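Inside the fold
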Amino acid sequence: MKLGNTLIEKGQKWQGELKVTDHYSMPIYGICGEEEGKTLVITAGVHGCEYVGVQTARKLWKSLNPREMKGQVILLPLVNQYGFYEGAKQIVPEDGENLNRVFPGKSDGTLTQRIAYVIEKEIYPHADFLIDLHGGDCNEAMEPLVFFPIAAKSLVNEISREAASYLPVTYRVSSTAKNGLYSYATQKGIPALLLEIGGEGKWQESEVEHCESCIYHLMSYLNILQANVSKKEQKEIIQAVYDEAGVNGFWYPRVKPGQFVSKGDLLGKICDLEGNDLQQYIAQLDGDVLYHTTALGIKKGDPLIAYGAY
């Protein structure tokens, strides 16, 4: 496998830097199996406060044995280093942009746009499959879930959905997103998924093990590793509602992730400083709560809650 100007021999591991600007590079790891096979790209740390994916990527680098693999794995374990070390929610602090909203990026744009551009130009071409590891931001509580595309070409959608069905998570959620790291990859013809495990600015070893298990299931599905895996019992979310704050205020959720809600149920409300109701959020359909923000103070446009029907 060749990454940039580096040739990684079969059965070998390699670590290096993927240059974005003169002042910013991303760590990159390559693991080349003993035999020919598919290439899986694993990214983590797009959002700096989503820790489970970052820990999982680090663990995979140590635990994967290239002599037991067919094909290759490329790891970008900490895409948004500035966000990670500064504890910045969702954004790249240098320019305040959300990396998962700027693809395809620009070669002469902001740092966030340049990161997106480099990933598209330098990493996408290697990928037979891509999975982006997220984990609920520091102000989000969520159930483990995997997003799969429905807005790419039909074959890409089908392969992605099939792969998602092998991951041991509760929910498989259809997505029409096009401008994120994984979703733009699907627009370029690469089957891809976004995995969410964790949240609230925390991580536990059990969550890392869960995330790692998901990756091993995916690698087995792709025949990179040899193991007997089967489809998991999941709830496929076919219609989801993503509510955002209409005003600044104090947010009081009334439900929890994984909870079933009926159409007409009160999901939460926003109040002013004196405790007066500003907005109430009512379920528009029967379904399960996927995630909600745990922050007390929210501003107009902030995500509040997501729930979906299956």
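This is a predicted model, so every value here is computed, not measured.

Before going further, it helps to spend a moment on the packing of aromatic side chains. Scanning the model with the defined rule gives nine aromatic pairs in all. Seen in terms of ring centroids, Tyr 51 and Phe 84 are 5.9 Å apart; in terms of plane orientation they differ by 85 degrees. Their pairing is edge-to-face. Of this pair, Tyr 51 sits in helix α1 (residues 51-63) while Phe 84 sits in helix α2 (residues 81-86), placing them 33 residues apart in sequence. Relative accessible area serves as the criterion here: at 25%, Phe 84 is assigned to the partly exposed category. Between the aromatic rings of Phe 103 and Tyr 184, the centroid separation amounts to 6.5 Å while the plane-to-plane angle is 35 degrees, which identifies the pairing as tilted. Linking Phe 103 in the loop between β8 (97-98) and α3 (111-123) with Tyr 184 in helix α5 (residues 181-187), this pair joins segments that are 81 residues apart in sequence. Relative accessible area serves as the criterion here: at 5%, Phe 103 is assigned to the buried category. The structure contains a cluster of three or more aromatic residues connected by ring pairs, namely Tyr 51, Phe 84 and Tyr 85. A cation over a ring is seen here: Lys 13 above Trp 61, with NZ or CZ 5.2 Å from the ring centre.

Further remarks concern the layout of surface pockets. A volume near 810 Å³ is recorded for the largest pocket. Considering the residues around the largest pocket, the lining is formed by 32 residues, among which Arg 101, Phe 147, Ala 177, Tyr 242 and Tyr 291 are closest to the centre. When contributions to the lining of the largest pocket are tallied by element, the ones reaching two or more residues are β10 (140-142), β12 (171-175), α5, β13 (192-196), β15 (239-244) and β22 (303-309). At five residues, β15 tops the list of elements feeding residues into the lining of the largest pocket.

Another point: the sheet that holds strand β21 (residues 297-298). Across the sheet, which stays open at both edges, the four strands sit in the order β19-β18-β16-β21 with antiparallel pairing between neighbours. The strands lining the two open edges of the sheet, one partner per strand, are β19 (277-282) and β21. Bridge count for strand β16 (residues 249-253) against strand β18 (residues 266-271) is four bridges, and the pairing is antiparallel. Among the inter-strand pairings, Pro 253 is bridged to a residue of β18, identified as Gly 268.

Of note, Ser 220 is situated in helix α6 (residues 205-221). For Ser 220, a relative accessible area of 11% gives the class buried. Expressed as a C-alpha distance, the spacing of Ser 220 and Tyr 117, which sit 103 residues apart in the sequence, is 30 Å. Those residues in contact with Ser 220 that lie beyond four places of it in its chain are Leu 225, Ala 227 and Val 229.

Taken together, the nine strands give an open sheet; going across it, the order is β3-β4-β6-β5-β9-β13-β11-β12-β14, and neighbouring strands pair in mixed fashion. The two strands at the open ends of the sheet, each matched to only one other strand, are β3 (13-19) and β14 (235-237). Strand-to-strand twist of the sheet, defined as the mean angle between neighbouring strand axes without regard to direction, takes the value 20 degrees. Note: β12 against β14, three bridges, orientation parallel. Bridge pairing links Tyr 171 to Lys 235 in β14. On top of the sheet, α6 reaches β5 (35-44), β6 (70-76), β9 (129-134) and β13; it is set at about 175 degrees to β9, its chief contact.

Counting residues in each nonpolar core, the largest one holds 43 residues, and the members touching the most others are Met 26, Ile 115, Ile 119 and Leu 130. The set of elements that each furnish at least two residues to this core consists of β4 (25-32), β6, α3, β11 (145-149), β12, α5, β13 and β20 (287-293). Take this core: its biggest share by element is six residues, from α3. Beyond its immediate stretch of four places on either side in the chain, Ile 115 contacts Val 20, Tyr 24, Met 26, Val 79 and Leu 99. Tyr 29, Ile 42, Val 73 and Cys 214 belong to the second largest nonpolar core, which has 36 residues in total.

Cut-off values and rules
- Residues numbered from 1 in each chain as written.
- Predicted model: local features only at pLDDT ≥ 70, side-chain atom pairs only at ≥ 80, totals over all residues.
- Heavy atoms only, no water.
- Phe/Tyr/Trp six-rings, centres within 6.5 Å; stacked < 30°, edge-to-face > 60°.
- Helix = DSSP H or I, 4+ residues; strand = E, 2+ residues; numbered from the N terminus.
- Buried < 20%, exposed > 50% of the residue type's maximum accessible area, 1.4 Å probe, protein only.
- Lys NZ or Arg CZ within 6 Å of the ring centre and 35° of its normal.
- 1 Å grid on protein atoms, 1.4 Å probe; cavity = no way out; pocket = protein on both sides within 12 Å on 5 of 7 lines; lining within 4 Å.
- Points joined across faces, edges and corners; volume = space filled by probe spheres on them.
- Pairing = 2+ DSSP bridges.
- Contact = heavy atoms within 4.5 Å.
- Axes fitted to C-alpha atoms, helices over the stretch in contact; angles between N-to-C directions.
- Core = buried A, V, L, I, M, F, W, Y, C linked by side-chain atoms within 4.5 Å.

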